[in-house]
Amino acid sequence: MIQLQRQLEQFRNSQPARTKLPESLWQAAVELARQHGVYPVAHPLRLDYTRLKERLGGPPTVRRKATKPGFVELVAPSCAQLEEYVIEFESGGGSKMRIQWKAAAPPDWATLLQAWRETEG
């Protein structure tokens, strides 16, 4: 690949921009692409990926537009396991509050504490 890279550089430096590559250089690139793949050859050699792929002689690939689904069903878990949470607050004055919470997610204990402190006020 390094040898072909040097040959391409020499050709590009000696020719005006947009000059077509000689068939011998294309054939060398095709042989490398058969061994190593199209992208690993096209990228470092700065060759047109699509043209190199076409020159490999494989059947042309036709890209089809992805069809958008008409309906998407979101299925929730059948039985969400409920956890039990217990929160206990005690103030400096000795008053206490206990909250038992049975849910899939814990309560916002910071907001509960703030509300309790405001009522204790």
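This is a predicted model, so every value here is computed, not measured. (Residues numbered from 1 in each chain as written. Predicted model: local features only at pLDDT ≥ 70, side-chain atom pairs only at ≥ 80, totals over all residues. Heavy atoms only, no water.)

Relative to strand β2 (residues 96-103), strand β1 (residues 83-90) runs antiparallel, the two sharing eight bridges. Paired with I87 across the bridge in β2 is I99. (Pairing = 2+ DSSP bridges. Helix = DSSP H or I, 4+ residues; strand = E, 2+ residues; numbered from the N terminus.)

Let us look at the layout of surface pockets. What the largest pocket holds in volume is close to 430 Å³. Taken together, 15 residues form the lining of the largest pocket, with R18, T19, K20, L21 and R51 sitting closest to its centre. Secondary structure elements with two or more residues in the lining of the largest pocket: α1 (2-14) and α4 (49-55). In terms of residue class, the lining of the largest pocket is made up of six nonpolar, two polar and seven charged. (1 Å grid on protein atoms, 1.4 Å probe; cavity = no way out; pocket = protein on both sides within 12 Å on 5 of 7 lines; lining within 4 Å. Points joined across faces, edges and corners; volume = space filled by probe spheres on them. Nonpolar A, V, L, I, M, F, W, Y, C, P; charged D, E, K, R; others polar.)

Our next topic: the pattern of salt bridges. Considering all chains together, one arrives at four salt bridges under this definition. Here R55 ties to E23 by a salt bridge, and the two come within 2.7 Å at their closest N and O atoms. Of this pair, R55 sits in helix α4 while E23 sits in helix α2 (residues 23-36), and the two are 32 residues apart along the sequence. Judged by its relative accessible area of 33%, R55 is partly exposed. (Salt bridge = Lys/Arg side-chain N within 4 Å of Asp/Glu carboxyl O. Buried < 20%, exposed > 50% of the residue type's maximum accessible area, 1.4 Å probe, protein only.)

Our next topic: α1. Residues three or four positions apart in an α-helix share a direction because the helix packs 3.6 residues into each turn. End to end, α1 covers 18 Å across 13 residues, agreeing with the expected 18 Å (1.5 Å per residue, within 8%). Among all positions of α1, only L4, L8 and F11 are buried. Buried residues along α1 cover an arc of 65 degrees about the axis, so they all sit on one side. For α1, the exposed residues lying more than 90 degrees away from the buried face are I2, Q3, R6, Q10, N13 and S14. (Expected span 1.5 Å × (residues − 1). Arc of directions from axis to C-beta.)

Averaged over all residues, the pLDDT of the protein chain equals 83, while 87% of them reach at least 70. Here helix α5 (residues 109-120) is the element of the protein chain with the lowest mean pLDDT, 81, and helix α3 (residues 38-45) is the one with the highest, 94. (pLDDT = per-residue confidence, 0-100.)

Viewed as axis vectors pointing N to C, α1 and α2 meet at an angle of 150 degrees, and their least axial separation amounts to 11 Å. Between α1 and α2, the crossing angle belongs to the class labelled roughly antiparallel. Two packed elements cross with a definite hand, and for α1 against α2 that hand is left-handed. Across the interface between the two elements, L4, Q7, L8 and F11 from α1 touch L25, A28, A29 and L32 from α2. Residue classes in the contact of α1 with α2 are distributed as seven nonpolar, one polar and no charged. (Axes fitted to C-alpha atoms, helices over the stretch in contact; angles between N-to-C directions. Parallel < 35°, antiparallel > 145°, perpendicular 65-115°, else oblique. Left-handed = near helix turned anticlockwise from the far one by under 90°. Contact = heavy atoms within 4.5 Å.)

With that settled, the discussion passes to unusual backbone geometry. Here R18, not a glycine, exhibits a phi torsion of approximately 70 degrees, which is positive. Along the chain, the position of R18 falls in the loop between α1 and α2. Relative accessible area serves as the criterion here: at 85%, R18 is assigned to the exposed category. Of note in this structure, R46 is not a glycine but carries a positive phi near 55 degrees. Within the secondary structure, R46 sits in the loop between α3 and α4.

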